[in-house]
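Single-letter residue listing:
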Amino acid sequence: MLGLETSCDETAVAVYDGARGLAAHRVYTQTDLHEIWGGVVPELASRDHVRRLLPMVRATLADAHAAPSDVGGIAYTAGPGLIGALLVGAAVGRSLAYAWGVPALGVHHLEGHLLAPRLEPDPPDFPYLALLVSGGHTMLVEVGGVGRYRVLGESLDDAAGEAFDKTAKLLGLAYPGGAKLARLAESGQPGAYSFPRPMLDRPGFDFSFSGLKTAALLALKAAGDAPGARADLARGFEEAIVETLAVKSARALAATGAKTLVVAGGVGANTRLRVRLAEVAAAAGARTAYPRPEFCTDNAAMIALAGHARLVAGEHAGLAVVARARWPLEELGAPGT
């Protein structure tokens, strides 16, 4: 299975074999292209995907010691994401599939993240609880199998990763700032700032981080140029997000009885979050499972894996080029349904 990922600012290609597992994968990130603008510029992202995707397909096939004749199907990210960027991968994937005489499947980007831990040598068994936490999404999802997803809660405004990046920008950190904020927080004093834990005072599993971002802005203005204030603020902000995610995850583990907590998405690479979630899972008699860091962020390996699972289960698609900027996860069904 050849996988293509172009939903935002990473161009990625992977080759997945049902018998051998992941044979090869490549990721090119556009960070340098967008850094000067302080965020992703959709038109620039699309143009860069056009420039890089086909050369990366050739290179990744060579890495896997595979030829086009070895490809049995193509999976491309069909949504959600930036529509122009999605159309690049969808058009290339559908065109190659037509030329090579193989099926092509449009894959839901979030399904890729939810299944990404199954790329690991010790994959989690279904069912499991997944905390999907990235720049664009924060969700708790009960995963019963491929295409069997029940969304328990999600962010009502900013996702956790988005809140990290926006607060990092307030602190003067270059885009993308989430990981830089986490590094700055390492030198901050615990307890110097105590930010609110959003929506923990009410039942349920939904999230909201826009108010936390505003609290950080007000604290930064009050601190002025005080020595160490930026690091202390970063530490307090990170602790607030981590604790909010941990408490909601604990609630979901108790409600579902799940014995595995999967953590996926770019924020899942945060060290403080991993430590806290391991404590939460242990207290619930469960274990945590993560994709390796390179598969936490956007990648084509997870898209190829998801496409392969659906293809071998008998799912087929027509000749249309499919791309959807918005695509609720709840609209997905199991293969063949």
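Right, let's walk through the structure included here.

**Concerning the packing of helix α5 (residues 160–170) against helix α7 (residues 210–223)**
Contact geometry of α5 with α7 gives a least axis separation of 10 Å together with a crossing angle of 15 degrees. When the axes of α5 and α7 are compared, the pair comes out roughly parallel. Viewed along their axes, α5 and α7 form a crossing whose handedness is right-handed. Contact with α5, carried on its side by K166, T167 and L170, involves K213, A216, L217 and L220 of α7 and no other residues of that element. Tallied by class, residues from the contact of α5 with α7 come to 4 nonpolar, 1 polar and 2 charged.

**Side note on the layout of surface pockets**
With a probe scaled to a water molecule rolled over the atoms, the places where space remains empty come into view. Of the pockets and cavities examined, the second largest pocket occupies roughly 210 Å³. Along the wall of the second largest pocket there are 17 residues; nearest its centre are L105, G106, E315, A317 and V322. In terms of residue count, the dominant contributor to the lining of the second largest pocket is strand β5 (residues 104–108) (5 residues). Partitioning the lining of the second largest pocket into residue classes produces 9 nonpolar, 4 polar and 4 charged.

**With respect to unusual backbone geometry**
For the peptide bond that leads from G79 to P80, omega is -15 degrees, which places it in the cis range. Structurally, P80 can be placed in the loop between β4 (74–79) and α3 (83–100). Cis peptide bonds are those with omega within 30 degrees of zero, and the linkage from Y175 to P176 qualifies with -10 degrees. Residue placement: P176 occurs in the loop between α5 and α6 (178–185). Non-glycine residue H65 carries a positive phi angle of around 55 degrees. Looking at the secondary structure, you find H65 in the loop between α2 (42–63) and β4. Residue H65 is classed as exposed on the basis of its relative accessible area of 74%.

**Considering the sheet that holds strand β10 (residues 287–289)**
Strand order in this open sheet of 5 strands is β8-β7-β6-β9-β10, and the pairing throughout is mixed. The strands lining the two open edges of the sheet, one partner per strand, are β8 (148–154) and β10. With direction set aside, neighbouring strand axes in the sheet form an average angle of 25 degrees. Where strand β6 (residues 128–133) meets strand β7 (residues 138–145), 6 bridges bridge the pair, whose relative direction is antiparallel.

**Topic: the pairing of β8**
Where β7 lies against β8, 6 bridges are found, and the strand directions are antiparallel. For E142, the partnering residue across the bridge sits in β8 and is R150. Taking the residues between adjacent antiparallel strands as the criterion, β7 and β8 are bridged by 2 residues, where G147 takes a positive phi near 80 degrees.

**So, the side chain of E5**
As for its placement among the helices and strands, E5 is situated in strand β1 (residues 2–5). Put simply, E5 is tucked away with no salt bridge, and the nearest opposite charge, on R310, sits 14 Å away. Of note is the side chain of E5, whose polar atom sits 2.5 Å from the side chain of S7. Within polar-contact distance, the side chain of E5 engages the side chain of T77 at 2.5 Å. Ignoring any residue separated from it by four or fewer positions in sequence, one finds E5 in contact with E10, T11, A12, T77, H109, D298, N299, A300 and I303.

**Describing the pattern of salt bridges**
A full pass over the atoms with the stated rule returns 18 salt bridges. A network of salt bridges, in which partner residues are shared, links D158, E162, K166 and K213.

**Regarding the environment of A78**
As for its position among the elements, A78 is in strand β4. In this structure, the C-alpha to C-alpha distance between A78 and T11, residues 67 residues apart in sequence, is 14 Å.

**Here's the deal with the packing of aromatic side chains**
Counting across every chain of the model gives 4 aromatic pairs. Between F126 and Y128, the ring centres sit 5.5 Å apart and the planes meet at 20 degrees, which makes this aromatic pair stacked. By relative accessible area, which is 29% here, F126 ends up partly exposed. Taking the relative accessible area as the measure of exposure, Y128 reaches 1% and is therefore buried. Above the ring of Y28, the side-chain terminus of R52 is found at 3.8 Å from the ring centroid. When the ring centre of Y290 is taken as origin, the NZ or CZ atom of R274, which lies over that ring, is 4.0 Å away.

**Digging into the packing of α5 against helix α8 (residues 229–256)**
Look at α5 against α8: their axes get within 11 Å of each other, and the N-to-C directions meet at 175 degrees. By the angle between their directions, the pair α5 and α8 is classed as roughly antiparallel. Contact residues: A160, A163, F164 and T167 in α5; F237, E238 and I241 in α8. A breakdown of the residues in the contact of α5 with α8 according to their chemical character gives 5 nonpolar, 1 polar and 1 charged.

Conventions and cut-offs
Residues numbered from 1 in each chain as written. Predicted model: local features only at pLDDT ≥ 70, side-chain atom pairs only at ≥ 80, totals over all residues. Heavy atoms only, no water. Axes fitted to C-alpha atoms, helices over the stretch in contact; angles between N-to-C directions. Helix = DSSP H or I, 4+ residues; strand = E, 2+ residues; numbered from the N terminus. Parallel < 35°, antiparallel > 145°, perpendicular 65-115°, else oblique. Left-handed = near helix turned anticlockwise from the far one by under 90°. Contact = heavy atoms within 4.5 Å. Nonpolar A, V, L, I, M, F, W, Y, C, P; charged D, E, K, R; others polar. 1 Å grid on protein atoms, 1.4 Å probe; cavity = no way out; pocket = protein on both sides within 12 Å on 5 of 7 lines; lining within 4 Å. Points joined across faces, edges and corners; volume = space filled by probe spheres on them. Buried < 20%, exposed > 50% of the residue type's maximum accessible area, 1.4 Å probe, protein only. Pairing = 2+ DSSP bridges. Lys, Arg positive; Asp, Glu negative; His and termini not counted. Salt bridge = Lys/Arg side-chain N within 4 Å of Asp/Glu carboxyl O. Polar contact = N/O pair within 3.5 Å; in protein donor to acceptor, adjacent residues only side chain to side chain. Phe/Tyr/Trp six-rings, centres within 6.5 Å; stacked < 30°, edge-to-face > 60°. Lys NZ or Arg CZ within 6 Å of the ring centre and 35° of its normal.

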